[in-house]
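One-letter residues, chain by chain:
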Amino acid sequence: MAGAGEDEVFSRATHREATHAPRRAYLAEYVRKGGVGAEIGVFWAHFSEVILREFAPSKFYLVDPYHRLHGETYPAWGPYTNRGRLTVAETLEAAKAVVASAPDVVELREQFGTEFLESLAPETLDWVYLDAGHKYEMVRDDLAAILPRLKPDGVILGDDYFADPNSTHGGVKRAVDEFAKAQGFEKIVGKYCQYVLRRPSAQTA
Ligand SMILES: C[S@@+](CC[C@H](N)C(=O)[O-])C[C@H]1O[C@@H](n2cnc3c(N)ncnc32)[C@H](O)[C@@H]1O
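For the structure given in this document, a descriptive report is provided here. (Residues numbered from 1 in each chain as written. Predicted model: local features only at pLDDT ≥ 70, side-chain atom pairs only at ≥ 80, totals over all residues. Heavy atoms only, no water.)

1. Description of the pairing of strand β7 (residues 194-198)
Regular strands place their side chains on alternate faces of the sheet. The buried count for β7 comes to five of five residues, which makes it a mostly enclosed element. Where strand β5 (residues 150-158) lies against β7, four bridges are found, and the strand directions are antiparallel. Within the sheet, the bridge partner assigned to Gly158 lies in β7 and is Tyr195. Inspection of the sheet shows strand β6 (residues 186-190) paired to β7 by five bridges, in the antiparallel sense. By the bridge assignment for β7, Ile188 is matched with Val196. From the end of β6 to the start of β7, which pair antiparallel, there are three residues, and Tyr192 there has a positive phi angle of about 60 degrees. (Buried < 20%, exposed > 50% of the residue type's maximum accessible area, 1.4 Å probe, protein only. Helix = DSSP H or I, 4+ residues; strand = E, 2+ residues; numbered from the N terminus. Pairing = 2+ DSSP bridges.)

In structure tokens form, the structure reads like this:
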């Protein structure tokens, strides 16, 4: 059990995404540089920084409802949210800092993924990184909303594809597998539980 000492050092720099996010930089090999993309589920914007640097987008939407979903403070997701002590203002500030680092490219949308996607014209996105709600129905609905907004050679990438369907995030695997089969997308499962979905005809990089 974690003690007070662990809480005292809780910070953005010590958060587990600070370690995990840089490991996902290899996903850039599946993405055309200079494209239009979105990260759906931003949280403390650790991976947003990596995406901005490695994917070199011309337009990059950061999509997360922040206060609209969580109010002032995150739920108690164990150490991930400092047992419910992490404030939304703190993570939102980090997302805004990413916007400020490239204001012509990055746009923050404090929206639910489906709401954001429905605001886009058809075939707008070259890529999407999906890391929002992890329950089966949530991933299923987000993937369904992404499909019409994705360019024909666009790519869907996402987090927490665990091979064990009985794992905490088994719903991600189920929704991703169903989507890939139903829509005829090639599925690639990469290191660190990342997945890539693309049409067989899609050209990358
Ligand atoms: C696992 S965290 C994202 C971590 C981030 N992608 C990273 O790699 O550093 C999940 C985030 O998804 C957000 N979220 C939950 N439901 C959402 C939805 N329907 N649309 C967009 N974001 C959502 C939560 O507010 C939370 O910030």
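2. A look at the packing of helix α7 (residues 136-146) against helix α8 (residues 170-183)
Where α7 meets α8, the axes come as close as 7 Å, and the angle between the chain directions of the two elements is 35 degrees. The handedness of the crossing between α7 and α8 is right-handed. Side by side, α7 and α8 meet where Tyr136, Val139, Arg140 and Leu143 of the first sit next to Gly171, Val172, Arg174, Ala175, Val176, Glu178 and Phe179 of the second. Here the contact of α7 with α8 is composed, by residue class, of seven nonpolar, one polar and three charged. (Axes fitted to C-alpha atoms, helices over the stretch in contact; angles between N-to-C directions. Left-handed = near helix turned anticlockwise from the far one by under 90°. Contact = heavy atoms within 4.5 Å. Nonpolar A, V, L, I, M, F, W, Y, C, P; charged D, E, K, R; others polar.)

3. Some remarks on the site of the ligand
Contacts to the ligand come from 20 residues, most closely from Arg24, Gly41, Asp64, His70 and Asp131. Contacts to the ligand include His70, whose side-chain N or O atom sits 2.7 Å from an oxygen atom. Interatomic distance of 2.8 Å between a backbone N/O atom of Gly113 and a nitrogen atom of the ligand. Alone, the ligand offers 600 Å² of accessible surface; in the complex the protein occludes 91% of this. The set of elements that each furnish at least two residues to the shell around the ligand consists of β1 (36-40), α3 (46-54) and α4 (67-70). The residue inventory of the shell around the ligand, partitioned by class, reads 10 nonpolar, five polar and five charged. (Near = heavy atom within 4 Å. Polar contact = N/O pair within 3.5 Å; in protein donor to acceptor, adjacent residues only side chain to side chain. Areas by Shrake-Rupley, 256 points an atom, 1.4 Å probe, with all protein chains shown as cover.)

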